[in-house]
Structures are given as C-alpha cells and as structure tokens.
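Here's the letter readout for the chains.
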Amino acid sequence: MALLPILTQEAPILRQKAKRVTRVDDSIRKLIDDMVETMVAAPGVGLAANQVGVALRVIVVKTDANLYSLVNPEMVKATGEQVGLEGCLSIPGYVGEVKRAQRVVVRGLNRHGKTVRIKGDDLLARAFQHEIDHINGVLFIDRLTSLDTLRKVEPESVTEGELVGA
Ligand code: ZN
C-alpha cells in the first residue's frame, strides 16, 4: 500500500466528472487500498479517487468501525434532511454549513466487482453524499447554506460529529 498525495481545490481534476470503472481488477483493488491508507492517515472520513488524481468513480468512506469502498457508486434513495458543518481534505482548514439528506441508500460495486447496497444515516449519509459529489466534480463549498457559514478552523477545535476531511 502507499500513501497518495491529496490534491487541493485548484486541481482541475476535482472539477471534472470522473469516468465509470469498466472492470474491477487488481489495479482498482490497489487504488482502493491506497485510498483507504491515505484517508486513515489524513485523517479523514472519506476520499474520492479524483482527490488523489485518478479520474475514476471510486470512493472510500470510514465512520466509526465501518469501512466502505464503492466502485461506480449511485444514490438510489435519499430522504430526510440534516444541516451541519462539513469540511474537505481538498479544502484544508475550512468548514461550512451544508444541508444534506439524513438517510441514503447507495448502490455500487465492491472490491470483488459484486453489486452491493449500503444504507446510511447521519454522518455516514453525509459522507456518501460528499464523496459522490466529488466524482461529479462538485465540492462542499458549492452547496453552502450561506457563504457566511464558511469559516477557518484549527484542527483541534473541531468537535466530534462534524465532518471534517472527506
Ligand atoms: Zn471532500
């Protein structure tokens, strides 16, 4: 496994729609492993492949004890509403208020190319929405409830439950 450099906001690849993966092979499994290692080291709760310079529809998400990796993820259901602070590993040092669905069902391929469905709520739902936005070229700063909510933070001042780094 290897730590990958995380691209920041100015990188054009973060604004491009990533391509679908046609086959989940060893190169995709290696990408997933490297993304997980990079996310955990950051530390972050999620990472999309284009954040590490690969324009493919691959995401990883980790909250509490659960680790998910999904290839070609799609939102099949999104219900309810949550408003909370969000941050991004590609926009270090900033958080802002973003409205998201409270519960989602996401479908995609696992590391063996098998179709899986994952249900999530709260932080997990927020992380999935944030990462699927990434592979569509969308950043959380595009979705702020108001520009006034964007603020600079020191990492140690962030309270638990806020999505900082995804
Ligand atoms: Zn992000």
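In every chain, residue numbers begin from 1 and rise along the written sequence. In view of the model being predicted, local features appear only for residues whose pLDDT reaches at least 70, and side-chain atom pairs are presented and counted only at 80 or more, with totals across whole chains, interfaces and linings using the full set of residues. Just so you know, side-chain values use all the structure's heavy atoms and leave hydrogens and water out.

1. Some words on the sheet that holds strand E4 (residues 82–87)
Sheets are built from strands paired through backbone hydrogen bonds, the pairs being either parallel or antiparallel. Here three strands make up an open sheet; going across it, the order is E4-E5-E8 and the pairing antiparallel. With partners counted over all chains shown, the strands left at the sheet margins are E4 and strand E8 (151–152), one partner each. With two bridges joining them, strand E5 (residues 94–100) and E8 adopt antiparallel strand pairing. Considered in E8, the bridge of Tyr94 is made with Lys152. Across the sheet, helix H2 (residues 122–135) is in contact with E4 and E5; its angle to E4 comes to roughly 60°. A pair of strands is labelled paired if DSSP reports no fewer than 2 bridges between them. The helix and strand labels rest on DSSP assignments: H or I over at least four residues marks a helix, E over at least two residues marks a strand, and numbering proceeds from the N terminus. Contact between two residues is taken to exist if any of their heavy atoms lie within 4.5 Å; hydrogens are not considered. For helices, the axis comes from a line fit to the C-alpha atoms of the stretch in contact; other axes are also lines fit to C-alpha atoms, and the angle between any two N-to-C directions lies between 0 and 180 degrees.

2. Side note on the confidence of the model for the protein
For the protein, the average pLDDT comes to 93, and 94% of its residues sit at 70 or higher. Confidence scores per residue from the predictor, reported as pLDDT, run from 0 to 100. Here E8 is the element of the protein with the lowest mean pLDDT, 92, and strand E6 (residues 103–109) is the one with the highest, 98.

3. Some thoughts on the coordination of the zinc ion
Note that water is not among the atoms used; donors are N, O and S atoms within 2.8 Å of the metal (3.2 Å for Na, K and Ca), so sites may look incomplete. For the zinc ion, the full set of protein donor atoms is Cys88 (SG), His130 (NE2), His134 (NE2) and Ala166 (O), and the range of their distances to it is 2.0 to 2.2 Å. Geometry at the zinc ion is tetrahedral, judged from the four donor atoms that bind it and their angles of 102 to 121° at the metal. Summarised as a motif, the one-chain spacing of the donors to the zinc ion is C-x41-H-x3-H-x31-A. You can see His134 sitting in helix H2 and its partner Ala166 sitting in the segment after E8, a full 32 residues away along the chain. The same class applies to His134 and to Ala166, which are both buried. Every geometry call rests on angle ranges, with four donors termed tetrahedral when all angles are between 85 and 135 degrees, four termed square planar and six termed octahedral when opposite donors are over 155 degrees apart and all others are between 65 and 115, and everything else termed irregular. Partly exposed residues are those whose accessible area sits between 20% and 50% of the maximum for their type, while under 20% is buried and over 50% is exposed, using a 1.4 Å probe and protein chains only.

4. Quick word on a positive patch on the surface
In this analysis, a patch consists of residues with relative accessible area above 30% that form no salt bridge, clustered at 9 Å for like charges and at 5 Å for the nonpolar side chains Val, Leu, Ile, Met, Phe, Trp and Tyr. Surface exposure here means Shrake-Rupley accessible area, sampled with a 1.4 Å probe, where a residue is shielded only by the protein chains that are shown. Each reported salt bridge corresponds to a side-chain nitrogen of Lys or Arg within 4 Å of a carboxyl oxygen of Asp or Glu. Neither His nor the chain ends contribute to the count of charged residues, in which Lys and Arg are positive and Asp and Glu negative. Note that the charge is assigned to NZ on lysines, CZ on arginines, CG on aspartates and CD on glutamates. Residues Lys77, Arg103, Arg117 and Lys119 make up a contiguous surface patch of positive charge. Structurally, Arg103 can be placed in strand E6.

5. Some words on the side chain of His134
Residue His134 is classed as buried on the basis of its relative accessible area, which comes to 1%. Setting aside anything within four residues of it in sequence, one finds His134 in contact with Leu14, Gln16, Ala48, Asn50, Gln51, Cys88, Leu139 and Ala166.

6. Some words on the pattern of salt bridges
Per the counting criterion, the structure on display carries 11 salt bridges. In this structure, the salt-bridge partner of Glu74 is Arg107, at a minimum N-O distance of 3.6 Å. Taken together, the positions of Glu74 in strand E3 (residues 66–79) and Arg107 in strand E6 put the pair 33 residues apart, joining distant regions of the chain. Connected via shared salt-bridge partners are Glu86, Arg100, Arg126, Asp133 and Arg143.

7. So, helix H1 (residues 26–41)
Between its first and last C-alpha, H1 extends 22 Å over 16 residues, near the 22 Å set by a 1.5 Å rise per residue. Considered for burial, the residues of H1 that qualify are Ile28, Leu31, Ile32, Asp34, Met35, Val36, Thr38 and Met39. Contacts made by the buried residues of H1 are with strand E1 (46–48), strand E2 (58–63) and E3. One fewer than the residue count of a helix, multiplied by 1.5 Å, yields its expected span.

8. Let's talk about unusual backbone geometry
Cis rather than trans, the peptide bond between Ala42 and Pro43 has omega equal to -10°. Summarising the element assignment, Pro43 is placed in the loop between H1 and E1. In this structure, Asn72 is a non-glycine residue whose phi angle is positive, near 50°. Tracing the chain through its elements places Asn72 in strand E3. Residue Asn72 is classed as buried on the basis of its relative accessible area, which comes to 6%. Within the chain, Asp122 stands out as a residue other than glycine whose phi angle is a positive 50°. With respect to the secondary-structure elements, Asp122 resides in helix H2. For Asp122, a relative accessible area of 41% corresponds to the partly exposed category.

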